[in-house]
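Listed below, chain by chain, are the residues.
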Amino acid sequence: MSLGRFRCWRGFRRAAEPDGRRVLVRAIQQLPSECRDVFVLHRFKDMPLGEIAAHLGIDQALAEARLAEALARLCRAADEADVRQASERK
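Just so it is clear, the model here is predicted, and its values are computed rather than measured.

Visitor: What's the story with the overall build of the protein in this structure? I'm lost.
Guide: In terms of regular secondary structure, the protein is built from 5 helices and 0 strands. In the protein, the order of α-helices and β-strands from amino to carboxyl end is α-α-α-α-α. Relative to all contacts within the protein whose residues are 6 or more apart in sequence, the contacts with residues 24 or more apart total 52%.

Visitor: How should the packing of aromatic side chains be read in this particular structure?
Guide: Aromatic rings considered in pairs are described by the distance between their centres and by the relative angle of their planes. Under the definition given, this model contains 1 aromatic pair. Taken together, a centroid distance of 5.9 Å and an interplanar angle of 85 degrees make the contact between Phe39 and Phe44 edge-to-face. Under the relative-accessibility criterion, Phe39 is labelled buried at 7%.

Visitor: Sorry if this is basic, but what is going on with helix H4 (residues 49–56) here?
Guide: At 3.6 residues per turn, the α-helix brings residues three or four places apart onto the same side. Within H4 the residues assigned to the buried category are Leu49, Ile52 and Ala53. The buried residues of H4 occupy one face: seen down the axis, they fall within an arc of 100 degrees. Away from the buried face of H4 by more than 90 degrees, exposed residues Ala54 and His55 are located. With its phi angle positive at about 70 degrees, Gly57 sits one or two positions after the end of H4.

Visitor: Got a minute to help me understand the pattern of salt bridges in this structure?
Guide: Close approach of charged atoms allows side chains with opposite charge to pair. Applying the stated criterion to the full structure yields 1 salt bridge. The partner of Glu69 in a salt bridge is Arg73, and the shortest N-O contact between them spans 2.6 Å. One end of the pair, Glu69, and the other, Arg73, are both in helix H5 (residues 60–89), 4 residues apart, so they sit about a helical turn from each other. Accessibility expressed as a relative area gives 30% for Glu69, which makes it partly exposed.

Visitor: What exactly am I supposed to notice about the packing of helix H3 (residues 33–43) against H4 here?
Guide: How two helices sit against one another is set out by the angle between their axes and by the gap between those axes. One way to put it is that H3 packs onto H4 with a least axis distance of 10 Å and a crossing angle of 135 degrees. As judged from the angle between their axes, H3 and H4 are oblique. Judged by the twist between their axes, the crossing of H3 over H4 is right-handed. Contact residues: H3 offers Asp37, Val38, Leu41 and His42, while H4 offers Leu49, Ile52, His55 and Leu56.

Visitor: Help me understand the environment of Leu24 in this model?
Guide: Position of Leu24 among the secondary structure elements: in helix H2 (residues 18–30). Residue class for Leu24 comes out buried when judged on its relative accessible area of 13%. Linking Leu24 and Leu74, residues 50 residues apart in sequence, is a C-alpha distance of 7.1 Å.

Visitor: Where do I start with the nonpolar core in this structure?
Guide: When a protein is soluble and globular, its nonpolar side chains tend to lie buried together. Core analysis: the biggest nonpolar cluster contains 17 residues, and Phe39, Leu49, Ile52 and Leu74 have the highest contact counts within it. Among the secondary structure elements, those contributing two or more residues to this core are H2, H3, H4 and H5.

About the thresholds
Residues numbered from 1 in each chain as written. Predicted model: local features only at pLDDT ≥ 70, side-chain atom pairs only at ≥ 80, totals over all residues. Heavy atoms only, no water. Helix = DSSP H or I, 4+ residues; strand = E, 2+ residues; numbered from the N terminus. Contact = heavy atoms within 4.5 Å. Phe/Tyr/Trp six-rings, centres within 6.5 Å; stacked < 30°, edge-to-face > 60°. Buried < 20%, exposed > 50% of the residue type's maximum accessible area, 1.4 Å probe, protein only. Arc of directions from axis to C-beta. Salt bridge = Lys/Arg side-chain N within 4 Å of Asp/Glu carboxyl O. Axes fitted to C-alpha atoms, helices over the stretch in contact; angles between N-to-C directions. Parallel < 35°, antiparallel > 145°, perpendicular 65-115°, else oblique. Left-handed = near helix turned anticlockwise from the far one by under 90°. Core = buried A, V, L, I, M, F, W, Y, C linked by side-chain atoms within 4.5 Å.

Okay, structure coming up:
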């Protein structure tokens with residue numbers, strides 16, 4: 001697996017900064033509702049995927065897929081913000 005796939009974690013580390021936090025909040029708000037629901041329950045409510053699946057009335061594999069999709073979209077948003085910020089500094 002390429003380390004390039006983990007580039008987005010730089011953006012997540014900067015989430016403590018006001019601009020980084022705004023980027024992530026906006027990206028979370030823009031997630032499709034199905035992905036956002038799973039992401040919020042998992043990351044902010046500390047619910048395990050099996051419990052999320054039961055709560056939402058979906059299969060656990062679907063909950064996992066939605067969480068993966070949410071994380072991929074958030075990584076893309078962090079990467080895009082990182083690129084924009086770097087180009088603005090030039």
